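Below, each chain spelled out in residue letters.
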Amino acid sequence: MTIIKEFDIIESIASAIQYISYYHPIDYIQHLTRAYKMEKGIAAKDAIAQILINSRMCAKEKRPICQDTGIVNVFLKIGMNVRFKGFNGSIHDVINEGVRRGYTNPNNILRASIVSDPHFIRKNTQDNTPAVINMELVPGNFLDIKIASKGGGSENKTKFAMLNPSDSLVDWIMKTVPTMGAGWCPPGILGIGIGGTPEKAMLMAKKVLMQDINMNSIIKNGPKNKIEELRLELFNKINSLGIGAQGMGGLSTVLDVKIMMYPTHAASKPVAIIPNCAATRHGHIILNGSGPVFMKPPSLSNWPKIKFTINNKKFHYVNLNTLTKKEVSSWRSGEILLLNGKILTGRDAAHNRIQYMLSKGEKIPVNFNNRVIYYVGPINPVRNEVIGPAGPTTASRMDHFTNLILEKIGLIAMIGKAERSDKIIKLIKKQKIAYLVAVGGAAYLISKAIKSAKIICFEDLGMEAIYEFNVENMPVTVAIDSLGKSIHIDGPKKWKKYISIENSNLT
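An account of the accompanying structure is given in this report.

**Digging into the overall build of the protein**
Thinking step 1. Assigned secondary structure in the protein consists of 15 helices and 17 strands.
Thinking step 2. For 507 residues, the compact-globule estimate of 2.2 N^0.38 gives 23 Å, and the protein sits close to it at 23 Å.
Thinking step 3. Principal-axis analysis of the C-alpha atoms gives the protein an extent of 75 × 60 × 45 Å.
Thinking step 4. Buried positions account for 56% of the 507 residues belonging to the protein.
Thinking step 5. Sequence separation of 24 or more characterises 77% of the internal contacts of the protein that already satisfy a separation of 6 or more.
Thinking step 6. Surface summary for the protein: the accessible area is close to 21900 Å², and the carbon and sulfur share equals 51%.
Thinking step 7. Averaged over its 65 positive side-chain charges, the protein has a centre that lies 4 Å from the centre of its 40 negative ones.

Structure representation (structure tokens):
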């Protein structure tokens, strides 16, 4: 009989939470480095470079890879010969105490993103609890814990369908992936669950994302079974879509495709897709009664040595403090800018409050006229930081508010990640303004460009308060220009055509 104590689980979970916040799995780094070396798209290659640089910085400084430090998923395999000792509550209580300690560690504070009421008040729990916990009883005398922190951008792109048994799985996936947009921050991994019931398919799609990435080996040695054949087929076909890094067009959209299956009803074929984003975060520990278990840190030699250098020929310098609408209208889709000066921040909750105040005829407490807004919810600073990791959030969530806000408060540019709706593209063209994108998955790197940060208003919203940042050489790409040209539309079209021609030449 193995005895596992409450303290051992709490310490192991808290340590794992910290570990996965700043260490990418090495298999991910290896596959992303391969994608970087192969990439020919300028914008895509630059985005992958920033993700790799950011990853190495986070591993070195032990700070979060992404400002969205996720919702915690825990998968427990409990050996039937295990006995728990010293518990003051349930296994759920113990796991959540580990999560709480992991997220509130003063040396590396992680952003609390969990709201206790998902529909009405949506009040933040302040410590990122509760986790989503799945348990399974198995033979043995151990406690097997797999833990993942999944960001909202990737979770929100989850897809599910109840296919007919005769329906083509590949056709459905190829039709579905383009509808996921770029909010999941490709290139990443797709987890696919096939079979069981709807909830089982979803669970498998999530669990399979924690398997080792091995697509490079399958490409090199060839598939060994039907599942690997299907994975390779989907890998090649999805990358042939030309979606590319951050959805801006390129050769790598997925680094791997993972599949898990389970028997299902003869009348059914449930299929779920869940992506892992550029902030791929998961870990695995096994407790055997000997005390807490801590994951072994990887060597920095596993990361490629890529440097982000300011190239005046490549980048266009922008002074935000003197920026005019005329200058904004001169930017073109795909152009890389270096932002300098003051920008305002704001995301879902702040936009919702502004909309409410405007509808009531109230004066909003900040002047947005001729300013630039950054959609971001940063992490609190530690040590001598100005601000913690501060990467972009998915801009399309603000589409609902954009029409009113642009008309009423006079913004001339917006910064976020991923695509905008056709309605917003038309509005941007009408207003002669621009939408810019920063790289999702480069949050710590971006934070180094922020030289000062102060809360302007709505402090009660926590990470969703409105800040004023003073930035220096913050890299962004023009995603939608004043002519209505969108890199998220034109980029994938261009690279899909390029890949098609290259493939036809090979045959």
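Past the structure itself, the notes keep going.
**Regarding the side chain of Asp46**
Thinking step 1. Take Asp46: it is sitting in helix α3 (residues 42-61).
Thinking step 2. Taking the relative accessible area as the measure of exposure, Asp46 reaches 10% and is therefore buried.
Thinking step 3. Beyond its immediate sequence surroundings of up to four residues, Asp46 is in contact with Phe308, Lys314, Phe315 and Ile336.

**A closer look at the sheet that holds strand β6 (residues 159-163)**
Strand pairing in a sheet relies on backbone hydrogen bonds. The paired strands run either parallel or antiparallel.
Thinking step 1. Within the open sheet, the 4 strands sit side by side as β6-β9-β7-β8. Their pairing is mixed. The open sheet is flanked by β6 and β8 (254-262), the only strands paired with a single partner. For this sheet the average axis-to-axis angle between neighbouring strands, irrespective of direction, equals 15 degrees.
Thinking step 2. Bridge count for strand β7 (residues 188-195) against β8 is 8 bridges, and the pairing is parallel. Across the sheet, Ile192 pairs through a bridge with Ile259, a residue of β8.
Thinking step 3. Packed onto the sheet, helix α9 (residues 226-239) meets β7 and β8 and runs at close to 140 degrees relative to β8.

**Structural notes on the sheet that holds strand β2 (residues 71-79)**
Thinking step 1. Strand order in the open sheet made by the 4 strands is β4-β2-β5-β10, with mixed pairing throughout. On the outer flanks of this sheet lie β4 (132-138) and β10 (282-287), each paired with one strand and no other. Averaged over all pairs of adjacent strands, the angle between their axes in this sheet comes to 15 degrees, without regard to strand direction.
Thinking step 2. Sheet topology note: the β2/β4 ladder contains 7 bridges and is parallel. Among the inter-strand pairings, Leu76 is bridged to a residue of β4, identified as Met135.
Thinking step 3. Against the sheet, helix α1 (residues 6-22) engages β2, β5 (143-150) and β10, with an angle of about 35 degrees to β5.

**Let's talk about unusual backbone geometry**
Thinking step 1. Of note, the amide linkage connecting Thr129 to Pro130 takes the cis form, showing an omega dihedral of 5 degrees.
Thinking step 2. Tracing the chain through its elements places Pro130 in the loop between α4 (91-103) and β4.
Thinking step 3. In this model, Pro186 is joined to Pro187 through a cis peptide bond whose omega is 5 degrees.
Thinking step 4. Position of Pro187 among the secondary structure elements: in the loop between α6 (169-176) and β7.
Thinking step 5. Of note, Cys185 is a non-glycine position whose phi angle comes to about 60 degrees, a positive value.
Thinking step 6. One can find Cys185 in the loop between α6 and β7.
Thinking step 7. Of note, the phi angle at Arg383 is positive, near 50 degrees, even though the residue is not glycine.

**Side note on the pairing of β7**
On a regular strand, each side chain points to the face opposite its neighbour's, so the side chains alternate between the two faces of the sheet.
Thinking step 1. Within β7, 8 of the 8 residues are buried, which leaves the element mostly enclosed by the surrounding structure.
Thinking step 2. In this structure, β7 lies alongside strand β9 (residues 269-276), joined through 6 bridges in antiparallel fashion. If you follow Ile189 over to β9, its bridge partner there is Asn276.

**Focus on the side chain of Arg371**
Thinking step 1. Position of Arg371 relative to the elements: it lies in the loop between α11 (348-359) and β13 (372-374).
Thinking step 2. Only 2.9 Å separates the side chain of Arg371 from the side chain of Glu468, close enough to count as a polar contact.
Thinking step 3. Excluding its chain neighbours within four sequence positions, the residues that come into contact with Arg371 are Lys342, Ile343, Leu344, Gly410, Leu411, Ile412, Ala413 and Glu468.

Rules behind the numbers
- Every chain begins its residue count from 1, and numbering advances along the sequence as written.
- The model is predicted, so local features are restricted to residues of pLDDT at least 70 and side-chain atom pairs to those at 80 or more, both for listing and for counting; the totals for chains, interfaces and linings are taken over all residues.
- For side-chain calculations, the full set of non-hydrogen atoms in the structure is used, while hydrogens and water are omitted.
- Numbering goes from the N terminus for both helices and strands, where a helix is a DSSP run of H or I of at least four residues and a strand is a run of E of at least two.
- A radius of gyration in this sense is built from C-alpha atoms; the matching globule rule multiplies 2.2 Å by the number of residues raised to 0.38.
- Whether a residue is buried, partly exposed or exposed follows from its accessible area with a 1.4 Å probe, protein chains only, as a fraction of its type maximum: under 20%, in between, or over 50%, in that order.
- Only heavy atoms matter for contacts: two residues are in contact if any of them lie within 4.5 Å across the pair.
- Each accessible area is a Shrake-Rupley result for a 1.4 Å probe, and residues are judged covered by the shown protein chains and nothing else.
- Charged-residue counts in this description rest on Lys and Arg as positive and Asp and Glu as negative, His and the chain ends being excluded.
- Lysine's charge is taken at NZ, arginine's at CZ, aspartate's at CG and glutamate's at CD.
- Here a strand pair is declared whenever DSSP counts at least two bridges between the two strands.
- Axes here mean lines fitted to C-alpha atoms, for a helix over just the part in contact, with angles spanning 0 to 180 degrees between N-to-C directions.
- Polar contacts, as used here, are pairs of N or O atoms within 3.5 Å; protein pairs need one atom able to donate a hydrogen and one able to accept it. Residues neighboring in sequence count only if both atoms are side-chain atoms.

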